[in-house]
Structure formats: structure tokens, C-alpha cells
Amino acid sequence: MIRLHSAQYALQRQRLAVQRVLYARTPEESAVAARWARAWHRLVQQQLACARNFSRPPGSYGASRHLH
């Protein structure tokens, strides 16, 4: 549950960073906000991947198919 809470927090921060991109007054401000949005996005994906791997029962690691 803690991992999902961390992912939820990171997702909220990503949403705020995207809003900053949309409402930036200068191109520089937009670029900085976009970097933050990308960083939070990577963190969200990492947290969700960890939560997904953590929640699998033993023996099911090779049984699922991943679409990329």
C-alpha cells in the first residue's frame, strides 16, 4: 500500500508540473516545468512497476505477457 501511495503522490506532483507547463509565462519557465513533469512521470512509472512486481505471487513472474 505504501508503494501505491508513493505512486499516487508522484502522480499528483506530475499533474502539477504539467499544469505549470501549460500556464508558463515564458519559454524558459515552460522548459523547466517540462523537465519536472518528465522526472515525475519517470518516478510514477518506476513506483507502479515496483508495486506491480511486489504484488505478484511467487511463481507467476514468467506467466504474464507485457505489451510495450
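Provided above is the structure to which this section pertains.
Residues numbered from 1 in each chain as written. Predicted model: local features only at pLDDT ≥ 70, side-chain atom pairs only at ≥ 80, totals over all residues. Heavy atoms only, no water.

Focus: the overall build of the protein
Rule in force here: For helices the rule is a DSSP run of H or I covering at least 4 residues; for strands it is a run of E covering at least 2, with both sets numbered from the N terminus onward. Only protein chains enter the accessibility calculation, which uses a 1.4 Å probe; a residue whose area is less than 20% of its type maximum is buried, one above 50% is exposed, and one in between is partly exposed. We call two residues in contact whenever any of their non-hydrogen atoms come within 4.5 Å of each other. Exposure was quantified through the Shrake-Rupley algorithm and a 1.4 Å probe, taking into account, for residues, occlusion by the shown protein chains and nothing else.
Per the secondary structure count, the protein includes 2 helices and 0 strands. For the protein, the residues scored as buried account for 18% of the 68 residues in total. Sequence separation of at least 24 residues holds for 56% of the intrachain contacts in the protein that already meet a minimum separation of 6. Accessible surface for the protein amounts to roughly 5800 Å². Of this, 59% is attributable to carbon and sulfur atoms.

Here we look at the nonpolar core
Threshold: To form a nonpolar core, buried Ala, Val, Leu, Ile, Met, Phe, Trp, Tyr and Cys residues must be joined to one another through side-chain atoms within 4.5 Å.
One finds Ala10, Ala17, Ala37, Trp40 and Val44 forming the largest nonpolar core, which totals 5 residues. No other element matches the 3 residues that helix H2 (residues 27–55) contributes to this core. Among residues more than four places away in sequence, those in contact with Ala17 are Ala33, Trp36, Ala37 and Trp40.

Looking at a nonpolar patch on the surface
Threshold: Each patch groups residues whose relative accessible area exceeds 30% and which form no salt bridge, using 9 Å between like charges and 5 Å between nonpolar side chains of Val, Leu, Ile, Met, Phe, Trp and Tyr. Every case where a carboxyl oxygen of Asp or Glu lies within 4 Å of a side-chain nitrogen of Lys or Arg is listed as a salt bridge.
Taken together, the side chains of Val18, Leu22 and Tyr23 make up a nonpolar region of the molecular surface, amounting to roughly 360 Å² of accessible area. Inspection of the secondary structure assignment puts Tyr23 in the loop between helix H1 (2–22) and H2.

Quick look at the environment of Leu22
The residue Leu22 is located in helix H1 in this model. For Leu22, a relative accessible area of 61% gives the class exposed. Considering only alpha carbons, one finds Leu22 and Ala33, 11 residues apart in sequence, at a separation of 9.0 Å.

Here we look at the packing of aromatic side chains
Convention followed: For Phe, Tyr and Trp, where Trp contributes only its six-membered ring, two rings pair if their centres lie within 6.5 Å, and the inter-plane angle classes them as stacked under 30 degrees, edge-to-face over 60, or tilted in between.
Applying the stated rule across the entire model yields 1 aromatic pair. Measuring from centroid to centroid gives 6.1 Å for Tyr9 and Trp40, while their planes differ by 80°, and the two rings are edge-to-face. Taken together, the residues Tyr9 in helix H1 and Trp40 in helix H2 connect sequence positions 31 residues apart.

A word on the environment of Gln8
Assignment of secondary structure puts Gln8 in helix H1. Assessed through its relative accessible area of 46%, Gln8 is described here as partly exposed. As for Gln8 and Val44, which are separated by 36 residues in sequence, their C-alpha atoms are 7.7 Å apart.

Coordinates in, geometry out; function isn't part of it.
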